[in-house]
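Reading the structure
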Amino acid sequence: MPSVHLADRGVVRVSGEDAKSFLDNLITCDLDRVSPHAARLGALLTPQGKILFDFLVFQAPEEIGGAYYLDVLKVFAPDLAKRLGFYKLRAKVAIEDLSESLAVVAGWDAPRPEDEAGFVVEDPRLPDLGWRAIVAAQDAEEFGRDPAETYLAHRIALGVPEGGRDFLFGDAFPHEALMDQLNGVDFDKGCYVGQEVVSRMQHRGTARTRIVPAVYEGGFAADVGVEVTAGGKALGQTGTGAEGRGLVMVRLDRAADAMQAGETIRAGGIPVRLEKPAWIRFPFPGEAGLSS
């Protein structure tokens with residue numbers, strides 16, 4: 001029954017009477033699907049549709065204000081708060097980086113703790129990820145007892161990428177980061193920053209590059225950011241890895257061609273096997289009909 005204090009995660013709060021409409025007009029997820037009982041994966045994009053920040057969106061109960069809390073990579077929390085401030089204009093919202101007073105905890109393979117511990121929800125990306133909570137910083141170690149590496153290996157084994165680790169901010173589209181597969185983009189909501197580009201990719205099916213899970217031969221994972229190749233040709237690069245598994249961002253058609261030609265795919269020189277988890281819905285390398 002592992003539980004981990006994710007010390008690398010921070011929290012940005014957006015409060016005020018315009019908080020919902022303010023965020024809904026900016027980020028990829030639909031705030032109508034966020035409640036005190038249900039979080040949502042979301043992102044703030046560039047106008048060109050690339051991810052500037054990805055985060056999980058929580059909502060506090062109405063009786064304590066109903067504010068929204070963004071669970072984001074801690075080192076980027078100040079930048080996210082600042083960027084949201086650029087869009088504030090006359091909106092009646094307050095934007096605060098609360099990363100020093102609040103903390104993020106994750107757990108799995110056990111019932112989630114009572115809500116009195118903080119804001120506790122099922123992880124909105126994938127049920128197998130377990131639960132996610134925002135708690136007071138002084139309580140974080142009480143609820144998160146296992147080392148951070150435990151959660152890293154759990155996330156990678158499930159094939160779930162995270163920004164700033166498996167892809168660079170400002171460099172990847174939501175489809176490439178699997179946000180369309182993990183409930184991070186609501187295609188039936190209104191406009192948001194970068195929406196036109198993301199919708200076009202969805203309707204035209206033009207996402208040729210994706211992050212996919214890989215199993216390393218020999219049980220060792222390559223470092224982050226090294227080249228993935230096959231037959232001497234570049235396919236992409238590696239993301240995080242743990243316990244012989246990893247995430248790699250590759251051109252799907254090139255990987256499919258390499259597999260069809262019997263070429264070994266290597267990440268940092270180590271042979272790897274691309275593995276499709278059950279929750280991925282797009283055509284995968286090795287399946288019929290996928291080639292350049």
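Above: the structure in question.
What comes next concerns the included structure. Just so it is clear, the model here is predicted, and its values are computed rather than measured.

The next subject is the sheet that holds strand E2 (residues 9-15). Pairing within the open sheet is antiparallel, and its five strands lie in the order E3-E4-E5-E2-E6. The sheet is open, and its two borders are formed by strand E3 (40-45) and strand E6 (94-97), each paired with just one other strand. For this sheet the average axis-to-axis angle between neighbouring strands, irrespective of direction, equals 30 degrees. As defined by bridge partners, E2 adjoins strand E5 (residues 68-73) across six bridges and the pair is classed as antiparallel. The residue of E5 that forms the bridge with Val 11 is Asp 71.

Let us now look at helix H2 (residues 77-86). Those residues of H2 lying buried are Ala 77, Leu 80, Ala 81 and Leu 84. Seen along its axis, H2 keeps its buried residues to an arc of 100 degrees; they face one direction. Seen from the buried face of H2, the exposed residues on the opposite side, beyond 90 degrees, are Lys 82 and Phe 86. Of the surrounding elements, those touching the buried residues of H2 are E2, helix H1 (19-24), E3, strand E4 (51-59), E5 and E6.

On to the side chain of Asp 180. Relative to the assigned elements, Asp 180 resides in the loop between helix H4 (148-158) and helix H5 (195-204). The buried category is assigned to Asp 180, whose relative accessible area is 10%. One polar contact links Asp 180 to Gln 181, side chain to side chain, over a distance of 2.9 Å. Among all residues touching Asp 180, those that are not within four sequence positions of it are Pro 174, His 175, Val 185, Phe 187, Gln 202, Arg 210 and Arg 281.

Thresholds applied
All residue numbers refer to positions counted from 1 along the written sequence of the respective chain. Only residues with pLDDT of at least 70 are given local features in this predicted model, and only at 80 or more are side-chain atom pairs given and counted; all residues enter the totals for whole chains, interfaces and linings. The side-chain numbers reported here are obtained from all heavy atoms of the structure, hydrogens and water having been left aside. When DSSP finds two or more bridges between a pair of strands, those strands are recorded as paired. Secondary structure is summarised from DSSP: a helix means a run of H or I of at least four residues, a strand means a run of E of at least two, and numbering begins at the N terminus for each. Fitted lines through C-alpha atoms serve as axes, helices being fitted only where they are in contact, and the angles separating the N-to-C directions of these axes extend from 0 to 180 degrees. The rule is simple: take the accessible area with a 1.4 Å probe, protein chains only, and divide by the maximum for that residue type; under 20% is buried, over 50% is exposed, in between is partly exposed. Directions are taken from the helix axis to each C-beta atom, and the arc is the one they span. Contact definition: two residues touch when any of their heavy atoms are within 4.5 Å. Polar contacts, as used here, are pairs of N or O atoms within 3.5 Å; protein pairs need one atom able to donate a hydrogen and one able to accept it. Residues neighboring in sequence count only if both atoms are side-chain atoms.

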